[in-house]
Amino acid sequence: EAVPPPRPGLGKMSSAEPGRFFCTAGRGLEPFLAREVRARLGATEVDWVSGKVFFRAAAGPGELRKLRSGERLFLLLKKHSPLPVSGNKGKMLHEIKSLVIEEPNYWLDIISVWRKLRGHEEKTDYVCQENTLALKRKSEEETNTAGKRQKTEQVRAIVSEDCQVEVEERCVEPERISGQECWIENKTSSEFPSESDGENPTANEKLSFSFRVSCRCSGAIAKILTSQEIGRAVGVALVKQCGWRADLRDPDLEIFVHLNDIHSVVGIPLFRLPLANREYIKTAGLRSTVAWAMASLAEISAGALVLDPMCGLGTILLEAAKEWPEACYWGADISDSQLEGADGNIRTAGLMDKIELLKASVKALPLPSESFDSVISDIPFGKKFKVTNDAQLLPDILQEMERVLRVGGTIVLLLSQDLRKRMDGLTKRAGSDCPEATADGGSKAAAAEAPSVDGNSSSLAHGVGESFLSSRRFRSLVPDGVYAVSLGKTEAFIHKYRKVCAAGN
């Protein structure tokens, strides 16, 4: 896609004018997020690479916060081709600084837009006044030796070890992030200088805008420069040009720089906490973004009955009920502690009238046959909660799910690598004797494919969608997609099936 000019008139952007953003995503969830920004925000110029989705949208902070499959959302400042790599460190650092450093008015415009998007428009004037004074002072007077030495010491604290953590790891394992990795709320307006403060340059110097640089580099450039070297160079340049103050722990602004063999990206996080942090989940279970992605595949409609027969803490049900509130949800589990946790989450989310819980074994559900439109479940991996002979019980589990599912309904399962191999062992390449019909005399089952945006290829596991379950018990279920996703250090697979005829036929 064509890259817009590097210096857009961001300061004049209205709420109805499209802004440029990118959002990080867990590995495998990029196509889900790409589809979501188009459907939810009416986004254009959607493109994605591993770990990121880029888009343009005319959306306010309220709409942007509703994204459910993304991790951290950024205001996109620059997206360029990879920087040329040479053995000359000085030349490369100059190129990197040229990518980030702009005229002072550019940064004032950026800060104004950033604050409006964060919902702090009322503080913009204070920030602009303070920064204008600081920028004027920098252009009108030389910085003394002591000042330079002090700023150099400040910049040394800009980049910390946590800046080198892989973005994908931060996306899927936020519990490993320390408090200093999260956004700190902006200072109140009373802490910014007023017009009268302009009479005291010393006070204004102390209250200069604070920032930090979070840098990550990989690929060829990482063999020449470290993240610390890049972050330090960018930080020193910003201190010299803008008069800002480096602050690692409590910055007013964070500047994110990511350099690799695919692109060079500069952005500013919009929100203090990741989008994946759900305020309505009291006790965390399955990653919320993965749970939402699973629910999005289940084709939930108004009035539908949705079941999670191994609900655990109820994360899948919570994500589904929040997004599709006109359906009815049931959760079952054999564990009292898990049901207690799920009940607490449901009460915290205020969904007591939407989700019913019952204690039951997934192998013998006390529910009528063909009574549910969708079955969604995270089959336990045996990591946090040990399940005896879980893999061996997979056929029995699947048979009970098939029984309670209506013809035309969908089953969406999250499987570990081992369980996926077990599932593949139940499949074969040939066809099936079951008619390829759906409920209401519908058409053939849809071909298995992941959400695709603007021609991007899906994360579908090759060949799986062409097979049919070979076991005589499962001939009513047609595989309708396999999606590889990451759960931190664990790889997992979302399997989708469609029931095309009555079980046993």
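Cut-offs applied
Residues numbered from 1 in each chain as written. Predicted model: local features only at pLDDT ≥ 70, side-chain atom pairs only at ≥ 80, totals over all residues. Heavy atoms only, no water. UniProt positions renumbered as here; feature names shortened; annotations may be inferred. Pairing = 2+ DSSP bridges. Helix = DSSP H or I, 4+ residues; strand = E, 2+ residues; numbered from the N terminus. Contact = heavy atoms within 4.5 Å. Axes fitted to C-alpha atoms, helices over the stretch in contact; angles between N-to-C directions. Core = buried A, V, L, I, M, F, W, Y, C linked by side-chain atoms within 4.5 Å. Buried < 20%, exposed > 50% of the residue type's maximum accessible area, 1.4 Å probe, protein only. Expected span 1.5 Å × (residues − 1). Salt bridge = Lys/Arg side-chain N within 4 Å of Asp/Glu carboxyl O.

Under the annotation held in an unreviewed UniProt entry, the chain carries the name U6 snRNA (guanine-N(2))-methyltransferase THUMPD2 and is attributed to Platysteira castanea. UniProt, in the comment section headed Subcellular location (unreviewed entry), describes the chain in these words: "Nucleus". Taken directly from UniProt, the Sequence similarities (unreviewed entry) text for the chain runs: "Belongs to the methyltransferase superfamily."

(A) Spotlight on the sheet that holds strand 5 (residues 210-217). In space, the 8 strands of this open sheet follow the order 2-3-1-4-8-7-5-6, with mixed pairing throughout. Looking at which strands have only one partner, the edges of the open sheet turn out to be strand 2 (44-49) and strand 6 (245-246). One ladder, built from 3 bridges, connects strand 1 (residues 19-24) with strand 4 (residues 73-80); its direction is antiparallel. Following the sheet pairing, Phe-21 is matched in strand 4 by Leu-75. The strands touched by helix 9 (residues 227-242) are strand 5 and strand 7 (253-259); relative to strand 5, the strand with the most contacts, the crossing angle is about 150°.

(B) Looking closely at the nonpolar core. By size, the foremost hydrophobic cluster in this structure holds 58 residues, and its most contacted members are Phe-55, Leu-73, Trp-107 and Trp-244. Setting aside anything within four residues of it in sequence, one finds Phe-55 in contact with Gly-19, Arg-20, Phe-21, Cys-23, Val-37, Leu-41, Ala-43, Thr-44, Glu-45, Val-46, Leu-67 and Leu-73. With 35 residues, the next largest nonpolar core counts Tyr-280, Tyr-329, Ala-349 and Val-412 among its residues.

(C) Inspection of helix 9 at higher detail. Helix length check: helix 9 (16 residues) gives 22 Å between terminal C-alpha atoms against 22 Å at 1.5 Å per residue, within 8%. Listed in full, the buried residues belonging to helix 9 are Ser-227, Gln-228, Ile-230, Gly-231, Ala-233, Val-234, Gly-235, Ala-237, Leu-238, Val-239 and Cys-242. Phi turns positive, to about 75°, at Gly-243, one or two residues after helix 9.

(D) A look at the environment of Phe-372. Within the secondary structure, Phe-372 is located in strand 12 (residues 372-378). Under the relative-accessibility criterion, Phe-372 is labelled buried at 3%. When the C-alpha positions of Phe-372 and Trp-330 are compared, they lie 9.4 Å apart, and in sequence the two are 42 residues distant. Excluding anything up to four places from it in sequence, Phe-372 contacts Leu-305, Val-306, Leu-307, Trp-330, Leu-367, Val-404, Leu-405 and Arg-406.

(E) How the structure looks around the pattern of salt bridges. This structure, assessed with the given rule, holds 20 salt bridges. For Glu-491, the salt bridge goes to Arg-27, with nearest N and O atoms at 3.9 Å. Note that Glu-491 is positioned in strand 17 (residues 490-499) and Arg-27 in the loop between strand 1 and helix 1 (30-41), a separation of 464 residues in sequence. The partly exposed category is assigned to Glu-491, whose relative accessible area is 38%. Ionic pairing is found between Arg-403 and Glu-400, a salt bridge with its closest N-O pair at 2.8 Å. Within this pair, Arg-403 and its partner Glu-400 are both found in helix 13 (residues 394-404), separated by 3 residues, close to a single helical turn. Residue classification places Glu-400 among the buried residues on the basis of a relative accessible area of 10%.

(F) Structural detail: the sheet that holds strand 12. An order of 11-10-9-12-13-17-16 is seen for the 7 strands of this open sheet, with the pairing classed as mixed. The outermost strands of the open sheet, each flanked by one partner alone, are strand 11 (355-359) and strand 16 (477-487). When strand polarity is set aside, the average angle formed by the axes of neighbouring strands in this sheet is 15°. Relative to strand 12, strand 9 (residues 305-308) runs parallel, the two sharing 2 bridges. Bridged to Val-306 within strand 12 is Ser-374. Packed on one face of the sheet, helix 13 meets strand 9, strand 12, strand 13 (405-416), strand 16 and strand 17 and runs near 150° to strand 13.

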